[in-house]
Amino acid sequence: MAPGSCEGALMNAPDRAAADIRSLESVANGDREALAFLYDRFTPLLFPVALRITGSSADAEDVMQEVWVQVWRRASSFDAARGSVPAWLMTITRSRALDHIRSRSARTKREEVAEPPKQSAPDPGRSAESESVRAKLRAAFEELGPERAQVLELAYWEGLSQSEIAERTGSPLGTVKSWTRQGLERMRKLLPDGDWW
Amino acid sequence: MAKHERHPELDLVAGYVLQALGPQDEARLLAHLMEGCEECEAALRDLSDATVAVGGSAPSAMPSDALRSRVLSDPRISGSAGASSDGGDGRDSGTDADARSRRAQERTPLRPRDGARTGGGRAMAGMLAAACLILAFGNYWFWQKAGEFRAERDAVQQTLREVEAELSAKEWIPKMVTAPGTDCYDLALTGSIDAPLNGTACFAKESGAAVVLLAELRPPSGRDYELWVLRGSVPTSLGVITADDEGRAAIRLDAIPDASAITAFAVSLEPAGGSPEAAPTGPVVMVAPVTS
């Protein structure tokens, strides 16, 4: 069963992480309420990723729908030994968004033919905190240096393979691999605990 | 830095969490993780979390309020999540019931004739007795013949069932491989041994059905190849691989348990009879990562 919002507000980071895992287990057992809880909790984290990759609110919403269907179907495959629930959800979101833009490449861009859906307003207090962390992460990304930032940019946001990145940037493949690892390690150190999003 | 030089797979972990590795690198890393590298497992957790930091650098945004109800009313989100359908039980129990019914019918004894006399003279009684004897003999003869016919019929039906099963098994692989929802993955060589192996794993994640086709399987004397699935980094043996005289093997797996969690198929080279442990003890020679 998903923890209630009052209970959730009092939790520390490890408790929240454990509650996330329990919620995912509940989803695996067919608990739609737990899915709704995870939707409410993680949409502010995941939707910006889908939007940044697809560049369209309508496409990002389509992606999010596929993400939650996949979470519903594959919740039992989550392995806590391999990473956190937010990381797992982020990976699914990014993969589905990249799949979406790949399949869209031959079609007319959706925003040119359809009215974009109206975005809902984020909670003002929470949004300020979230935007502050996001600004720090963006600054940290820039501080990685142009090469590492470019490698991460191409891998994460454009979905290029390391061979493709090496080809595009003219850097040796081994260097691309090292820069990717170093870039991710630095970004990891800056990630705050808790629900900053 | 020295640690990095000693352990080059660490660089692959970053590419893996970003799904940016080529097939050879991915196979090499999965083989390495399968061998139980704790350092790389820890790096996998850390760098997986690092992707949240990269994604978190996107500007805040929220979807429309309508999306929530759209998601939660999606017809694909209903019933039991991840529940695997088991269509075999009903059919099997029906077959068993039919078989039981058939056997019960076959065992139904012939009713003994009542032979009650209705009175009358001895001659009549004698004639009746003779008639009864003839009828009884006739019945016995027919009963015996019917038994022989039933035995013949059962033998023919059994042969028919065996032929049908054999035909069905032969058709199963091409049907499974081309069915919607089945994806095929090349088993890439990890480079841990010098052998020209090649293979493909075709896998339906929803049902857990799989076919693994392998060629050039010629293990060194006293060794066997063994097939594995990985769920994350946890290997589970699917058994020792028996190849034909030409080094080919087609392994049919009707329903691998917990199929949705499978992340890779792998082949290792083990002592004869297979790994003595729950994980590969020999080198992992081929890996096919399963993509979502």
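The structure under discussion appears in the preceding block.
Rules of the game
Residues numbered from 1 in each chain as written. Chains lettered and ligands numbered in written order. Predicted model: local features only at pLDDT ≥ 70, side-chain atom pairs only at ≥ 80, totals over all residues. Heavy atoms only, no water. Buried < 20%, exposed > 50% of the residue type's maximum accessible area, 1.4 Å probe, protein only. Helix = DSSP H or I, 4+ residues; strand = E, 2+ residues; numbered from the N terminus. Pairing = 2+ DSSP bridges. Axes fitted to C-alpha atoms, helices over the stretch in contact; angles between N-to-C directions. Contact = heavy atoms within 4.5 Å. Disulfide = S-S within 2.5 Å. Buried area = accessible area lost by both parts, 1.4 Å probe. Salt bridge = Lys/Arg side-chain N within 4 Å of Asp/Glu carboxyl O. Polar contact = N/O pair within 3.5 Å; in protein donor to acceptor, adjacent residues only side chain to side chain. Nonpolar A, V, L, I, M, F, W, Y, C, P; charged D, E, K, R; others polar.

**A few points about the pairing of strand S3 (residues 209-215) of chain B**
Residue and element names in this part refer to chain B.
- Counting buried residues in S3 gives six out of seven residues, a clear majority hidden from the surface.
- Remark: four residues form the turn of the hairpin made by strand S2 (residues 198-204) and S3, two consecutive strands paired antiparallel; Gly 208 in that turn has positive phi of roughly 80°.
- Relative to strand S6 (residues 249-253), S3 runs antiparallel, the two being bridged by five bridges. Across the sheet, Val 211 pairs through a bridge with Arg 252, a residue of S6.

**What about the sheet that holds S3 of chain B?**
Residues and elements named next belong to chain B.
- One open sheet accounts for eight strands, arranged S5-S4-S7-S8-S1-S2-S3-S6; its pairing is antiparallel. Edge positions in the open sheet fall to strand S5 (234-240) and S6, since each of these has one partner strand only. Neighbour to neighbour, the strand axes of the sheet diverge by 20° on average, direction disregarded.
- Helix H3 (residues 23-34) rests against strand S1 (182-189), strand S4 (223-231), S5, strand S7 (264-271) and strand S8 (284-289) of the sheet, and its axis sits at about 115° to S8.

**Re the state of the cysteines**
Residues and elements named next belong to chain B.
- Tallied over the entire structure, the rule returns one disulfide over all chains.
- What pairs with Cys 184 in a disulfide is Cys 202, and their sulfur atoms sit 2.1 Å apart. On the S-S bond that ties Cys 184 to Cys 202, the torsion sits near 110°, and the link is right-handed. Residue Cys 184 is found in strand S1, and its partner Cys 202 is found in strand S2; the two are separated by 18 residues along the sequence.
- Cys 37 carries a free sulfur, and the closest cysteine sulfur to it, the one in Cys 40, is 3.7 Å from it.

**As for the interface of chain B and chain A**
- Listed per partner, the contact involves 56 residues of chain B and 69 residues of chain A.
- Interface area, chain B with chain A, both sides summed: about 5800 Å², of which 56% is carbon and sulfur.
- The three residues of chain B that bury the most area against chain A are Leu 18, Met 62 and Arg 76 of chain B, which together make up 12% of that side's buried surface.
- Here chain B is connected to chain A by eight salt bridges.
- For the pair chain B and chain A, the interface holds 28 residue pairs in polar contact (both at pLDDT 80 or more).
- Elements supplying a minimum of two residues to the side of chain B that touches chain A: helix H2 (9-17), H3, helix H4 (38-55) and helix H5 (66-72) of chain B.
- The greatest single-element share of the side of chain B that touches chain A, amounting to 13 residues, is contributed by H4 of chain B.
- In the side of chain B that touches chain A, the residues fall into 26 nonpolar, 18 polar and twelve charged.

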